[in-house]
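Remarks on the overall topology
Spelled out, the chains give:
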Amino acid sequence: MEPSDALRRGPGRAVRVLSPRLLLLPLLPVLLGRGLRAGAAASSSGAAAEDSSAMEELATEKEAEESHRQDSVSLLTFILLLTLTILTIWLFKHRRVRFLHETGLAMIYGLIVGVILRYGTPATSGHDKSLSCTQEDRAFSTLLVNVSGKFFEYTLKGEISPGKINSVEQNDMLRKVTFDPEVFFNILLPPIIFHAGYSLKKRHFFRNLGSILAYAFLGTAVSCFIIGNLMYGVVKLMKIVGQLSDKFYYTDCLFFGAIISATDPVTVLAIFNELHADVDLYALLFGESVLNDAVAIVLSSSIVAYQPAGLNTHAFDAAAFFKSVGIFLGIFSGSFTMGAVTGVVTALVTKFTKLHCFPLLETALFFLMSWSTFLLAEACGFTGVVAVLFCGITQAHYTYNNLSVESRSRSKQLFEVLHFLAENFIFSYMGLALFTFQKHVFSPIFIIGAFVAIFLGRAAHIYPLSFFLNLGRRHKIGWNFQHMMMFSGLRGAMAFALAIRDTASYARQMMFTTTLLIVFFTVWVIGGGTTPMLSWLNIRVGVDPDQDPPPNNDSFQVLQGDGLDSVGGSRTKQESAWIFRLWYSFDHNYLKPILTHSGPPLTTTLPAWCGLLARCLTSPQVYDNQEPLREDDSDFILTEGDLTLTYGDSTVTANGSSSSYTASTSLEGGRRTKSSSEEVLERDLGTGDQKVSNRGTPLVFPLQENA
């Protein structure tokens, strides 16, 4: 063990790694002044040794009690921070203040408490002295030490530079409020990511699915490599001017590019939701941020797994590169499969049991199955973020339909509250960590270079991709949308969690400090400028979430008097949902009847020789339901000409044609020859949010959502 390795006594802590080699009894003849005094007393007389042992046990109990008190104080600090944040949020909403979001407010409160803890609390330390173990060439995770016949367990907290030993030993309270990074990944991140998938608005998400996938996958990869290469140039500059005091490899720069490419525009999206900004812009930003987090974490894992052959483990090697690409695809696909399978299993359990008769048990099972997806993926070597995201999407699509009405409400509210508390907790901790974290490495050159690289990486991410996407989109992504997406590339909880997960080396410590400052800037400055930017870019606000975008030359038209009045309507399948339509029929005819109580009976969709299986898997409720379950994402998957609306003596179709009929509203055309899934889509659209004007009279068909 190196002299700078930190040893900390940990009574009651679980032994993570324990080996017979750790019984280093002759290596540490003395440890702690208390142990020396006890040993000296034991050598003088047996009675004195017993008294000393009793006093030592009493001191240990007092130390444990003090540690418990400090733990309670640290948790109470965060609870008070969240309470104060909630009250201030209410005040801001009451006063309609939009220049500062709740996450930025939580960071400010965290900063204030961090300053108080760092400079306003007395120095209390349980460390008596540091000892050197020069006979060992590596640090052990767990150490058992014999002090006068008594064994003590010590755990490794990490490497500390010799110049910071005194500052580390100053205040135990600062260490108490510094959480284990695994707390963020295993406790705080799952409800945030699951809520993103569970509350996903499928209608607008699948309408822009192709663009969202391009921004999330290709755009994140482009941003990662641009930022990584630019930061490598910054690191070379730091080395030339003598500002680099330790090793910083090219792979470290790529890792920084991956973690900082994880966008989290929570502030912008909250303002969009409050102002009812354009739904397509909201869908593009939200969809990109949801999938982008998953891509960033898998990409960072692939970069860490990059191990070239030979002595130089940081040189470029084609075989290692393609191996990392394979690891990326394997981890992502495996995590996706695990999340989807867990959602399917939950759907089957809720369908074929009577849990709906006990809403409390139903909600508890739903919660545990959803959370266990994250831990199961991590335990199997996959990525829990990806797994729990797609588990949330699957649960919303299938399991939600099997839940009782009470459980539906409970599950939505439960994860919404957990998401709110976890997110604000993380942002409060960010403010606190600026002063309580012990391993900060501030480098002005690296920080400035990171801001420039992020700006250029985001620009290369948005503008070229938007240009190519517009070549195939009928409803173009306008320049104002592109500028807003460029402006909205905030960094948040995911970038922070990825950065704090590993701060062992000099390079990782510098990345963490820089990431923290970037999050501060983007949340405060960019988040606060969202409302003025919306106004400056002339982006629509006050839009009905179920209203379609403004029409263009390809939109259908409706007869108005003697002229043609162009209005927005459902866009065609070629533009909005061709990817989704590829599997929708299969989902509606087979998956929905198997996993839920809705859809056509399997006896009508499966071959005749599967009759026994079809009867076993088809729910009795399916035969009782006259109308299929309404879906949010079905009302825009239509071809032009599929819909005919008749009002008065005029009939209006999706392509703008009209003719005279009697006063009625009907669905006509060639749908009698269509498949059952297409009939459902057309019938769903008939109940969708379509507004038709004829001779000044509006017809509004309200949209009824189930999720």
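The present account deals with the structure reproduced in this document. (Residues numbered from 1 in each chain as written. Predicted model: local features only at pLDDT ≥ 70, side-chain atom pairs only at ≥ 80, totals over all residues. Heavy atoms only, no water.)

Another aspect to go through is the overall build of the protein chain. Of the regular secondary structure elements, the protein chain holds 26 helices and 10 strands. Counting the 707 residues in the protein chain, one finds 50% classified as buried. Residue pairs at least 24 apart in sequence account for 78% of intrachain contacts in the protein chain once pairs closer than 6 positions are excluded. Accessible surface, the protein chain as shown: approximately 32600 Å² in total, 63% of it carbon and sulfur. (Helix = DSSP H or I, 4+ residues; strand = E, 2+ residues; numbered from the N terminus. Buried < 20%, exposed > 50% of the residue type's maximum accessible area, 1.4 Å probe, protein only. Contact = heavy atoms within 4.5 Å. Areas by Shrake-Rupley, 256 points an atom, 1.4 Å probe, with all protein chains shown as cover.)

Side chains of F225, F321, F322, V325 and L329 sit close together on the surface and give an oily, nonpolar patch of about 470 Å² of accessible area. When you line up the elements, F322 lands in helix 12 (residues 318–352). (Patch = residues over 30% accessible without salt bridge, like charges linked within 9 Å, V, L, I, M, F, W, Y side chains within 5 Å. Salt bridge = Lys/Arg side-chain N within 4 Å of Asp/Glu carboxyl O.)

We now examine the packing of aromatic side chains. Here the distance between the centres and the angle between the planes together describe a pair of aromatic rings. A complete count under the given rule lists 31 aromatic pairs for this structure. A ring pair is formed by F437 and F512, whose centres lie 4.5 Å apart and whose planes are at 50°; its orientation type is tilted. With a gap of 75 residues between them, F437 in the loop between helix 15 (405–436) and helix 16 (444–470) and F512 in helix 19 (residues 506–528) connect regions that are remote in the sequence. Grouping aromatic residues by their ring pairs yields a cluster made of F78, F184, F425, Y429, F437, F496 and F512. A cation over an aromatic ring shows up here: K412 above the ring of Y198, its NZ or CZ 5.3 Å from the ring centre. (Phe/Tyr/Trp six-rings, centres within 6.5 Å; stacked < 30°, edge-to-face > 60°. Lys NZ or Arg CZ within 6 Å of the ring centre and 35° of its normal.)

A few words now on the packing of helix 12 against helix 13 (residues 359–379). Where helix 12 meets helix 13, the closest approach of the two axes is 10 Å, and the angle between their N-to-C directions is 160°. Classified by the angle their axes make, helix 12 and helix 13 are roughly antiparallel. Helix 12 and helix 13 meet at a crossing whose hand is right-handed. Residues M338, G339, T342, V345, T346 and V349 of helix 12 form the contact with helix 13, whose own contacting residues are L365, F366, M369, T373, L376 and A377. For the contact of helix 12 with helix 13, the class distribution of residues is eight nonpolar, four polar and no charged. (Axes fitted to C-alpha atoms, helices over the stretch in contact; angles between N-to-C directions. Parallel < 35°, antiparallel > 145°, perpendicular 65-115°, else oblique. Left-handed = near helix turned anticlockwise from the far one by under 90°. Nonpolar A, V, L, I, M, F, W, Y, C, P; charged D, E, K, R; others polar.)

Turning next to the environment of I108. Here I108 is to be found in helix 3 (residues 102–120). Residues I108 and F520, 412 residues apart in the sequence, show an inter-C-alpha distance of 9.3 Å.

We now examine unusual backbone geometry. At H276, a position not held by glycine, the phi torsion is positive, near 55°. Inspection of the secondary structure puts H276 in the loop between helix 10 (266–275) and helix 11 (279–304). Phi angles above zero are rare outside glycine, and N538 is one such case at about 60°. Looking at the element boundaries, N538 is found in the loop between helix 20 (530–536) and strand 4 (557–560). Residue class for N538 comes out exposed when judged on its relative accessible area of 63%.

The residue D293 is located in helix 11 in this model. Salt bridges are absent for the buried D293, whose nearest opposite-charge side chain, R491, sits at 8.9 Å. (Lys, Arg positive; Asp, Glu negative; His and termini not counted.)

Moving on: the nonpolar core. In terms of nonpolar packing, the biggest core is built from 128 residues, with M231, F256, F272, M484 and F496 touching the most fellow members. A total of 13 residues in this core trace back to one element, the largest contributor, which is helix 11. Listed in part, the five residues of the second largest apolar core include L143, V145, F152 and Y154. (Core = buried A, V, L, I, M, F, W, Y, C linked by side-chain atoms within 4.5 Å.)

What follows covers the side chain of S488. Secondary-structure assignment places S488 in the loop between helix 17 (479–487) and helix 18 (493–500). By relative accessible area, S488 is classed as buried at 1%. Separated by 2.6 Å, the side chain of S488 and the backbone oxygen of M484 make a polar contact. In this structure S488 touches P265, V268 and L285, once residues within four positions along its chain are discounted. (Polar contact = N/O pair within 3.5 Å; in protein donor to acceptor, adjacent residues only side chain to side chain.)

On to the packing of helix 9 (residues 250–260) against helix 19. Where helix 9 meets helix 19, the closest approach of the two axes is 11 Å, and the angle between their N-to-C directions is 30°. When the axes of helix 9 and helix 19 are compared, the pair comes out roughly parallel. Taken as a pair, helix 9 and helix 19 cross one another with a handedness that is right-handed. Contact with helix 9, carried on its side by D252, F255, F256, I259 and I260, involves A507, R508, M511, T514, T515 and I518 of helix 19 and no other residues of that element. Grouping the constituent residues of the contact of helix 9 with helix 19 by class yields seven nonpolar, two polar and two charged.

By secondary structure assignment, the location of L403 is in the loop between helix 14 (384–402) and helix 15. In this structure, the C-alpha to C-alpha distance between L403 and P359, residues 44 residues apart in sequence, is 8.2 Å.

Positionally, A196 belongs in helix 6 (residues 181–198). What makes A196 buried here is its relative accessible area of 14%. Each C-alpha atom, one on A196 and one on F286, is 8.7 Å from the other, the two residues being 90 residues apart in sequence. Discounting residues that sit within four places of it in the chain, A196 has contacts with F286 and V290.

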